[in-house]
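Structure assessment
Single-letter residue listing:
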Amino acid sequence: MKKFVSSVMTAVLCSSFVCGNSSDTGKSVRIVDLFMDNYAVWSESALFSDNISVGFLDIDFDGEPELTTKISGGSGMFTYLKFYNIVDNKISEMNISGLRDFPDSELKLYYNKNTHIMEYFGNNTYKSGIMYNSDTFSSFAYHDSVDAIVSTEYFSRIYENKDIEIYSPTLKYYDYQKNTEITEEEYNLLKENIYGNLTDMNLNYSFVNMHNLSEEDLKQALIQSYNTFSYSDKDI
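In this report, the structure presented in the accompanying data block is examined. The model shown is predicted, which means the values in this text are computed figures rather than measured ones.

A positive phi angle is found at Asp88, which is not glycine, with a value near 55 degrees. In this fold, Asp88 is placed in the loop between β6 (78-87) and β7 (90-93). A relative accessible area of 72% places Asp88 in the exposed class. A positive phi angle is found at Asn202, which is not glycine, with a value near 55 degrees. If you trace the backbone, Asn202 turns up in the loop between β15 (198-200) and β16 (207-209).

Structure (structure tokens):
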């Protein structure tokens, strides 16, 4: 097994070219059957939103993907994620520390060479009519030091419009690590520096909107998601 160790967390990664579960179809059926048998434990959010997606991601990189639910909605188009793993053959919700608003874009998995951890990255969009619109580059990762998934905001591009009748927005940039507004030049340099310390792990995953799906269709979609999840460690 290949291991990456830091003071922040220990991530256990596959030593093969591609990490995933597609080679063990029987295992995926057993795992999904357990989640389907405990549907009420993780599906409560579906009662309050038509826009809920589910799929598997390995959050703590123990080789066993966790069921992830994604809910998008609200006036500002917030995105909330919940994560469920199997402990002693029971479904357990994983802890989340800090911000609960997660990336709403397509996810990418990076190895962060600064922190020595695996992080899921994406963009998080927030809107408030024509008055405010922000696009924030953020991530989430499991930290075993706190036994929780931690969400981190890095930088944001913000459009502010002060006149409700005339759309003439002002473009601003923000560095969340320093909690300060920055210039466009500083924003571009910050992006370059952050991406320069990230190694793309070539993530493959799939989510499905579970609204109006039959039990059998949902089960088959989850089996496909479990078997789809993979990433490459060839560049580490």
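There is more to say, and it comes next.
It is worth spelling out the packing of helix α1 (residues 25-37) against helix α4 (residues 215-228) at this point. A packed helix pair is summarised by two numbers, namely the angle formed by the two axes and the spacing between the axes. At a minimum axis separation of 9 Å, α1 and α4 run at an interaxial angle of 135 degrees. Taken as axis vectors, α1 and α4 run oblique relative to one another. Between α1 and α4 the crossing geometry is right-handed. On the side of α1, the interface is formed by Thr25, Lys27, Ser28, Val29, Ile31, Val32, Asp33 and Met36, while α4 contributes Glu215, Leu218, Lys219, Leu222, Ile223, Tyr226 and Asn227. For the contact of α1 with α4, a count of residues per class yields eight nonpolar, three polar and four charged.

Taken as a whole and assessed by the stated rule, the structure comprises 19 aromatic pairs. Ring plane angle 85 degrees and centroid distance 5.6 Å describe the contact between Phe61 and Tyr231, whose orientation is recorded as edge-to-face. Residue Phe61 is found in the loop between β4 (52-57) and β5 (66-73), and its partner Tyr231 is found in strand β17 (residues 230-232); the two are separated by 170 residues along the sequence. Judged by relative accessible area, Phe61 falls into the buried class, the value being 1%. Centroid distance Tyr173 to Tyr187: 4.5 Å. Interplanar angle 40 degrees. Geometry classified as tilted. Residue Tyr173 is located in strand β13 (residues 170-175), and its partner Tyr187 is located in helix α3 (residues 184-196); the two are separated by 14 residues in the primary sequence. Each member of the pair Tyr173 and Tyr187 is classed as buried.

Moving on to the nonpolar core. Leu57, Ile59, Phe83, Leu109, Tyr120, Phe140 and Ile149 are the most contacted members of the largest nonpolar core, which has 21 residues in total. Elements with a minimum of two residues in this core: β6, β9 (108-112), β10 (117-128) and β11 (132-143). Ignoring anything within four residues of it in the chain, the contact list for Leu57 reads Pro65, Glu66, Thr68, Leu107, Tyr120, Phe140, Tyr205, Phe207 and Phe229. Formed by 18 residues, the second largest nonpolar core is a distinct cluster that contains Trp42, Phe56, Leu218 and Leu222.

Conventions adopted
Residues numbered from 1 in each chain as written. Predicted model: local features only at pLDDT ≥ 70, side-chain atom pairs only at ≥ 80, totals over all residues. Heavy atoms only, no water. Helix = DSSP H or I, 4+ residues; strand = E, 2+ residues; numbered from the N terminus. Buried < 20%, exposed > 50% of the residue type's maximum accessible area, 1.4 Å probe, protein only. Axes fitted to C-alpha atoms, helices over the stretch in contact; angles between N-to-C directions. Parallel < 35°, antiparallel > 145°, perpendicular 65-115°, else oblique. Left-handed = near helix turned anticlockwise from the far one by under 90°. Contact = heavy atoms within 4.5 Å. Nonpolar A, V, L, I, M, F, W, Y, C, P; charged D, E, K, R; others polar. Phe/Tyr/Trp six-rings, centres within 6.5 Å; stacked < 30°, edge-to-face > 60°. Core = buried A, V, L, I, M, F, W, Y, C linked by side-chain atoms within 4.5 Å.

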